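Summary of the model geometry
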Amino acid sequence: MDFLCEIVQALVALAALAFIVVLVVAHVTAGMVNLIRHEKEKYFLTASGEKGLFPSLHDPHSRELSVVIPAYNEELRMPVMLDEAMDYLENRQKQNPSFTYEVIVVDDGSKDKTTEVASRYTRKYGADKVRVLTLVKNRGKGGAVRMGTLSSRGKVILMADADGATKFSDLDKVEAGLKDLNPKPENMGISCGSRAHLEQESVAQRAVFRTFLMYGFHFLVWFLCVRGIKDTQCGFKLFTREAALKTFSSLHVERWAFDVELLYIAQCFKIPIAEVAVNWTEIEGSKLVPFWSWLQMGRDLIFIRLRYITGAWKLESPHKTD
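Below or above, wherever it landed, is the structure these notes cover. (Residues numbered from 1 in each chain as written. Predicted model: local features only at pLDDT ≥ 70, side-chain atom pairs only at ≥ 80, totals over all residues. Heavy atoms only, no water.)

The next point concerns the sheet that holds strand β7 (residues 190–194). Reading across from one edge, β5-β4-β3-β6-β8-β7-β9 is the order of the seven strands in this open sheet, with mixed pairing throughout. The open sheet has two edge strands, β5 (130–134) and β9 (273–277), and neither has a second partner. Across the sheet, the mean angle separating the axes of adjacent strands is 20° when strand polarity is ignored. With five bridges joining them, β7 and β9 adopt parallel strand pairing. Within the sheet, the bridge partner assigned to Ser191 lies in β9 and is Ala274. Helix α4 (residues 141–149) contacts β3 (63–71), β4 (101–107), β5 and β6 (154–160) of the sheet and is inclined by roughly 155° relative to β3. (Pairing = 2+ DSSP bridges. Helix = DSSP H or I, 4+ residues; strand = E, 2+ residues; numbered from the N terminus. Axes fitted to C-alpha atoms, helices over the stretch in contact; angles between N-to-C directions. Contact = heavy atoms within 4.5 Å.)

Below you can see the structure in the form of structure tokens.
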């Protein structure tokens, strides 16, 4: 019995030591918010090839809607999504001439012709409606979304994936979800598209190991960071301008788990969040590698929580980019 007690005590001591080591590593390796832009990232090109200066999210809005599309090596998948989005937006403007919009494609350091493909839409619709922000180096999806959001002019800002997995017309649904949030203190609110209603069907088609990883990720999200949101990872989210400024100014994670930190920040600031069911179809060519991406996200979730606990990361007041 004494021998068993000694083993238990040793295991507890090892667990405590491991926790302290992880805590120290999380704190020491914590990076600060990187809002510094390369000189080339401050400008977009007009249809005639002239340079235009991107505005700041700190400026008053001048459009009803901004659509931010992060894109990394998306020359093949993006045209289908952009065609659908532009058809929807143009038809909406014809029906309601007072409706104004912009689309910002953020090329996240692609190695293919993503910028060239997106620039065709600038030439077709004009730079007032379609702008391309080309990042000099790959930041990750979260970094790309943040840079595009900080360059937007919209009263509300939609984050939408370049693969077109969510039907763009579901914008109506997330807009309704945002409108139904009441009250919205200081006009802050977020409406998240959700695939939670499709989960049972996807589980039936997915391998047991991937299902295990998915539920493990959901548990870590709930246990460490965000509660009350069933699907934090759907790439279809609508922000009021005020909520976008408040949350993206504090965002640190630039890879796959950025959505979780974004919603964690929102809940810390008590920003109301709606979750709205949207249509979703899996599109071939995903950049997410099932095992390693989930492993990276799991690590990021643990580090998000620990870094805020230790004070390595703090919730920031909105500040301007350089």
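Further remarks concern helix α5 (residues 171–180). Of the positions making up α5, those classed as buried are Leu171, Val174, Gly177 and Leu178. The arc enclosing the buried residues of α5, seen along the axis, measures out at 125°, which places them on a common side. Turned more than 90 degrees away from the buried face of α5 sit Lys179 and Asp180, all of them exposed. Buried residues along α5 sit in contact with β3, α2 (78–95), β6, β7, β8 (236–240) and β9. (Buried < 20%, exposed > 50% of the residue type's maximum accessible area, 1.4 Å probe, protein only. Arc of directions from axis to C-beta.)

So, on to α2. For α2, built from 18 residues, the straight-helix expectation of 26 Å at 1.5 Å per residue is met to within 8% by its first-to-last C-alpha distance of 26 Å. Taken residue by residue, α2 has Met78, Met81, Leu82, Ala85, Met86, Tyr88, Leu89, Glu90 and Gln93 as its buried positions. The elements touched by buried residues of α2 are β3, β4, α3 (114–125), β5, β6 and α5. (Expected span 1.5 Å × (residues − 1).)

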